[in-house]
Amino acid sequence: MTSPASFPAWKALLTHHQTMKNSHIRDLFEQDSDRFKRFSLQLDDILFDYSKHRITEETMTLLFALAKASELTGWTEKMFGGERINSAENRAVLHTALRNRSSKPVYVDGNDVMPEIRQTLDKMRNFTQHLHNREYQGFTGEPLTNIVNIGIGGSDLGPAMVTRALTPYRIQGIQPYFVSNIDDSHIMEALKQVRPETTLFIVASKTFTTQETMTNAHTARRWLVNAFGNESAVARHFVAVSTNTSATAEFGIHPDNIFSFRDWVGGRYSLWSAIGLSIAISIGMDAFEELLDGAFSVDCHFRDTPYENNIPVIMAMLGIWYANFFGAETHAILPYSQYLDRFAAYLQQADMESNGKRTDRDGIIINGYTTGPVIWGEPGTNGQHAFYQLIHQGTRLIPADFLAPLHSHHDIGDHHRILLSHCLAQSEALMKGKSLNEVVTDMKHSGYSETQTQQIAPHKVFPGNRSSSTFLFSKLNPRTLGRLIALYEHKIFVQGIIWGINSFDQWGVELGKQLAGKIFNELVDAKPINTHDPSTNGLINYCKRSKDTTI
Ligand code: F6P
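This text gives an overview of the structure that appears in the document. (Residues numbered from 1 in each chain as written. Predicted model: local features only at pLDDT ≥ 70, side-chain atom pairs only at ≥ 80, totals over all residues. Heavy atoms only, no water.)

1. Let's talk about helix α10 (residues 211-228)
(1) Moving on: With 18 residues, α10 should cover 26 Å at 1.5 Å per step; its first-to-last C-alpha distance of 26 Å lies within 8% of that length.
(2) Moving on: Positioned one or two residues after α10, Gly229 has a phi angle of 60°, which is positive. (Helix = DSSP H or I, 4+ residues; strand = E, 2+ residues; numbered from the N terminus. Expected span 1.5 Å × (residues − 1).)

See the structure below:
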């Protein structure tokens, strides 16, 4: 594979960076009164403002040239067209087919996958309706109203984030819980809150072999069987979502209660598939399909819009600009919505498991450029009272995304106006900063002495020039959430193409799993071992000693 760093467009960006690196966004605004109009786009109810970036029209032209040189359009068509672009696993990448709301077929190896996708959606609709109408009952005849989703990674983070984000759309009487961690506190605390008679467990696992999920599922199964003293209760209280239908049957799940999907759905892209069953049960199938509709509108936008107006392409190329030319290491996700408090955690898997790679598609070690950024964040305004200090005055450049709904679901007093004012103020402060002159003038007005001013003023200076994008949308509803998630999914895809990596495998999770298997066996007794490095031996033996004594 040709390294992107050898493309003329990359080299032109390096040269351009030399002229841009000392520019200040404040000056760019002064030079161009149309800057907001020039660098903002509207997609349905989402306004995307990217004018507070260290860019000019030339920057964007060069970034788009890089996208073109990387054959982005060709790769996009390969993905949507069902080609096996996940080369290391020899799989197609078709989460977009799951939300293909058109009547157009989508082929994998000559077979249209759409009829099966629609069948699964019908099955999900039937099941959720039965449950909501209280026609689906548990072992003792009580309707099932507590839903415990047992899964991890993509089989947890997407459904948990969406269900949380769409709390106002919850079906009355249904209470979802999410159990992911192997730490027994997670399952035990969930089980404390539910009654076996009214609880449905969804075992969500693409492979149905993931240790954490299977261990939690077996603990839940034992809890249920103990409660009823009857194995046959499992068939009423457990459903499974998986590609591994033989393993689900072995677990004792009734064939009618198995919801399947295909291996061309990556775990972290699977909330649109039957993995979204917990979402559908929590908010209803109509709302779940609105989520799909929202994502589909972004798929169409991404596929059909020239780079210049293409929001995911612009998001991705801005990320490339900062990571590869300014050396930014991280990217902050700052939603001004408490309902989006799991959004950053969700995007961590989506982005970091996809683009945290060090070899290119051909297996050659990447040299000369960095790949996926560290993704992190928390909702505002909480983050403002925690880590924003570093974004404003630290020594690192941290590009950030602000996301905010224009309308609250509650509209209580001034809450929402205050929330919005903070969101808008933060991106303004990051961009503009506050100069020494401004600080000194302020301090004089506030009555500080000359000595105090001299001492304190440097600490109060904000350099500004900190880049951010802002996404404003009408209300956090299923359609808009679907759009937001799909925007980020395609942003991740585009960056993977530019870096020449396979964004759809995840070998980096394997080594730890293997070593844990060995250590699990070694932790069985107190006999000291010496089979690892000295640090790991020391730690294992320390744990082992706790078997004999109370440490
Ligand atoms: O170990 C990583 C991973 O494979 C993720 O990619 C995936 O989302 C998660 O584990 C859960 O996998 P599964 O759905 O097969 O249980």
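2. Some details on the environment of Val509
(1) Moving on: With respect to the helices and strands, Val509 occurs in the loop between α21 (478-499) and α22 (510-522).
(2) Moving on: We classify Val509 as partly exposed; its relative accessible area is 31%.
(3) Moving on: Measuring from C-alpha to C-alpha, the distance between Val509 and Asn216 comes to 20 Å, with 293 residues separating the pair along the chain. (Buried < 20%, exposed > 50% of the residue type's maximum accessible area, 1.4 Å probe, protein only.)

3. What to know about the packing of aromatic side chains
(1) Moving on: Evaluation of the coordinates by the stated rule reveals 25 aromatic pairs.
(2) Moving on: A centroid spacing of 5.5 Å and a plane angle of 70° characterise the contact between Phe127 and Phe259, whose relative ring orientation is edge-to-face. You can see Phe127 sitting in helix α7 (residues 114-132) and its partner Phe259 sitting in strand β9 (residues 258-260), a full 132 residues away along the chain.
(3) Moving on: Between the aromatic rings of Phe471 and Tyr488, the centroid separation amounts to 6.0 Å while the plane-to-plane angle is 40°, which identifies the pairing as tilted. Here the residue Phe471 occupies a position in strand β13 (residues 468-473), and Tyr488 occupies one in helix α21, the gap between them amounting to 17 residues.
(4) Moving on: Taking the relative accessible area as the measure of exposure, Tyr488 reaches 3% and is therefore buried.
(5) Moving on: The ring of Trp272 carries Arg99 above its face, with NZ or CZ at 4.5 Å from the centroid. (Phe/Tyr/Trp six-rings, centres within 6.5 Å; stacked < 30°, edge-to-face > 60°. Lys NZ or Arg CZ within 6 Å of the ring centre and 35° of its normal.)

4. Observations regarding the pairing of β13
(1) Moving on: In terms of residue burial, β13 counts as a mostly covered element, since 6 of its 6 residues are buried.
(2) Moving on: Residues of β13 alternate between two faces, with Ser468, Thr470 and Leu472 on one and Ser469, Phe471 and Phe473 on the opposite face, all of them buried.
(3) Moving on: Of the pairings in the sheet, the one linking strand β2 (residues 46-49) to β13 comprises 4 bridges and is antiparallel in character. What sits directly across from Asp49, in β13, is Thr470.
(4) Moving on: Pairing of strand β12 (residues 400-405) with β13 involves 6 bridges; the strand directions are parallel. Directly across from Leu403, in β13, lies its bridge partner Phe471. (Pairing = 2+ DSSP bridges.)

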